[in-house]
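# Per-entry structural report
The chain contents come next:
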Amino acid sequence: MKVGFLQFNPEFGKVDENLEKVESIIGNVVCDLLVLPELFSTGYTFKSKAEVIKFGESIPDGKTLKFLKKVATEKKMSIVGGFVERDGKKVYNSSLLYLENSKYFIYRKKHLYRYEKNIFDTAYEPYKFFLIQNGIKVGLLICFDWLFPEAMRQLALSGAQVICHSANLVMDVCQDAMVTRALENRVFVITANRTGMEKRGRFENRFTGMSQIVSPEGRILLRAGEDDEVISVIDINPDDALNKFLNPQNNIFSDRREDIY
Ligand code: ACM
């Protein structure tokens, strides 16, 4: 299975331009599962709830969904990317996983970072995997979810093999922390981060790039630079994530001491 990430520097509020840029970076590259960053079509640094609402897209009419649908259908692949989801009066920091057969799934970020708490609504749905082509089980996380090991643990315990982590990371320790997350759950983790800087009013964010793909053994299979605008693809065997044995004596799931935790 070919999986990849796309890393770039979206321009705040320029949805059409950002979608065009993503399309041009994808170019002729083909893969089975591609992960784009968090809020890739809008940018991240919203100044107010009113501004988030303005950029909110309802399902299934939004520009970002239509774009992901077009790419998934034309390229015959599954694609994940972050967008502002509007559902009635609520707005969520969400990811959309679009499959080549026009099925799609939404994940709403559960752990909101800093000022996101003032502008996005809290999401409550439990963690579960989504099935993509060939029966591969995919789990979604968004950015700051990385700091809460329970999130990926629940996805892995439920059977997820490949975790798609759409991000706008500002802390440079996440990429290394994800190595541990992959290892302790024996899953593949694809982190698609953005690059660049956003300064809007009193808010300023510098994003750390270094998107990566980590194996269930905790090996970094691919890592981008801090500022690259790039799509990178690698071949993986997702079945490697089904084997929870570290060695013949240690199964990382059945060795858990739930009796004393
Ligand atoms: C983040 O969660 N986007 C920092």
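Going by the structure above, here's the rest.
This structure is a prediction, so every number in the text was calculated from the model and none was measured.

### Thoughts on the sheet that holds strand S9 (residues 188-192)
Overall, mixed pairing links the six strands, which are arranged S6-S7-S8-S9-S12-S13 in an open sheet. The open sheet has two edge strands, strand S6 (130-131) and strand S13 (220-223), and neither has a second partner. Pairing of strand S8 (residues 162-166) with S9, which is carried by five bridges, proceeds in the parallel orientation. By the bridge assignment for S9, Val162 is matched with Phe188. Where helix H5 (residues 149-158) meets the sheet, its contacts fall on strand S7 (137-142), S8 and S9, and the angle it forms with S7 comes to roughly 170 degrees.

### Let's talk about the sheet that holds strand S2 (residues 33-35)
Pairing within the open sheet is mixed, and its six strands lie in the order S5-S4-S3-S2-S1-S14. The open sheet terminates on both sides in strands that have one partner only, identified here as strand S5 (104-108) and strand S14 (230-235). The average undirected angle you get between the axes of adjacent strands in this sheet is 30 degrees. For strand S1 (residues 2-7) and S14, the ladder comprises six bridges, and the chain directions are antiparallel. Bridge pairing in S14 links Phe5 to Ser232.

### A short note on the packing of helix H1 (residues 15-26) against helix H3 (residues 63-75)
Packing of H1 against H3 leaves a shortest axis separation of 11 Å and a crossing angle of 15 degrees. Relative to H3, the element H1 lies roughly parallel. In this structure, the crossing between H1 and H3 has a hand that is right-handed. Counted together, Val15, Asp16, Leu19, Val22, Glu23 and Ile26 of H1 and Lys63, Phe67, Lys70, Val71 and Lys75 of H3 form the full contact between these two elements. Residues of the contact of H1 with H3, tallied by class, amount to six nonpolar, no polar and five charged.

### Let's talk about the packing of H5 against helix H6 (residues 174-185)
Packing of H5 against H6 leaves a shortest axis separation of 10 Å and a crossing angle of 35 degrees. Considering only the axes of H5 and H6, their crossing is right-handed. Residues Pro149, Met152, Arg153 and Ala156 of H5 form the contact with H6, whose participating residues are Met178, Arg181, Glu184 and Asn185. Of the residues contributing to the contact of H5 with H6, the split by class is four nonpolar, one polar and three charged.

### Describing the environment of Leu112
With respect to the element layout, Leu112 can be found in the loop between S5 and helix H4 (116-119). A relative accessible area of 10% places Leu112 in the buried class. The residues contacting Leu112, other than those within four sequence positions of it, are Lys117, Phe120, Asp121 and Phe144.

### Some remarks on the nonpolar core
Nonpolar side chains tend to gather and get buried jointly when the protein is soluble and globular. In terms of nonpolar packing, the biggest core is built from 80 residues, with Leu6, Leu33, Leu34, Phe46, Ile79, Leu97 and Val138 touching the most fellow members. Those residues within four positions of Val138 in sequence are excluded, and the remaining contacts are Leu33, Leu97, Phe129, Phe130, Ile132, Ala160, Val162 and Cys164.

### A few points about the packing of aromatic side chains
Using the criterion set out here, one finds twelve aromatic pairs in the structure. Considering the side-chain rings of Tyr115 and Phe203, the 5.0 Å spacing of their centres and the 65 degrees angle between planes classify their relative orientation as edge-to-face. Linking Tyr115 in the loop between S5 and H4 with Phe203 in strand S11 (residues 203-206), this pair joins segments that are 88 residues apart in sequence. Exposure remark for Phe203: the relative accessible area of 11% places this residue in the buried category. Where Phe144 meets Phe148, the ring centres are 5.3 Å apart and the plane angle is 85 degrees; that geometry is what we call edge-to-face. Site record: aromatic cluster; members linked through ring pairs are Phe12, Phe46, Phe55 and Phe120. Taking the ring centre of Tyr92 as reference, the NZ or CZ of Arg108 above it sits at 3.9 Å.

### Describing H6
The first and last C-alpha atoms of H6 sit 16 Å apart over twelve residues, in line with the 16 Å expected at 1.5 Å per residue. Every buried residue of H6 is accounted for by Cys174, Gln175, Met178, Val179, Arg181, Ala182 and Asn185. What you see down the axis of H6 is that its buried residues fit within an arc of 165 degrees, all on one side. Tucked into the core, H6 has its buried residues touching H5, S8, S9, strand S12 (212-214) and S13. Taken from the residues just after H6, Arg186 is the one with a positive phi, measuring 50 degrees.

### Some details on the pattern of salt bridges
Using the criterion set out here, one finds 20 salt bridges in the structure. Glu51 serves as the salt-bridge partner of Arg200, at 2.8 Å between the closest nitrogen and oxygen. Remark: Glu51 occurs in helix H2 (residues 49-55) and Arg200 occurs in strand S10 (residues 197-200); sequence separation between them is 149 residues. By relative accessible area, Glu51 is classed as buried at 14%. Among the ionic pairs, Lys199 bridges to Glu204, the shortest N-O distance being 3.6 Å. Residue classification places Lys199 among the exposed residues on the basis of a relative accessible area of 57%. Through salt bridges with shared partners, a single network forms among Glu85, Asp87, Arg108, Lys110 and Glu125.

Analysis parameters
- Residues numbered from 1 in each chain as written.
- Predicted model: local features only at pLDDT ≥ 70, side-chain atom pairs only at ≥ 80, totals over all residues.
- Heavy atoms only, no water.
- Pairing = 2+ DSSP bridges.
- Helix = DSSP H or I, 4+ residues; strand = E, 2+ residues; numbered from the N terminus.
- Contact = heavy atoms within 4.5 Å.
- Axes fitted to C-alpha atoms, helices over the stretch in contact; angles between N-to-C directions.
- Parallel < 35°, antiparallel > 145°, perpendicular 65-115°, else oblique.
- Left-handed = near helix turned anticlockwise from the far one by under 90°.
- Nonpolar A, V, L, I, M, F, W, Y, C, P; charged D, E, K, R; others polar.
- Buried < 20%, exposed > 50% of the residue type's maximum accessible area, 1.4 Å probe, protein only.
- Core = buried A, V, L, I, M, F, W, Y, C linked by side-chain atoms within 4.5 Å.
- Phe/Tyr/Trp six-rings, centres within 6.5 Å; stacked < 30°, edge-to-face > 60°.
- Lys NZ or Arg CZ within 6 Å of the ring centre and 35° of its normal.
- Expected span 1.5 Å × (residues − 1).
- Arc of directions from axis to C-beta.
- Salt bridge = Lys/Arg side-chain N within 4 Å of Asp/Glu carboxyl O.

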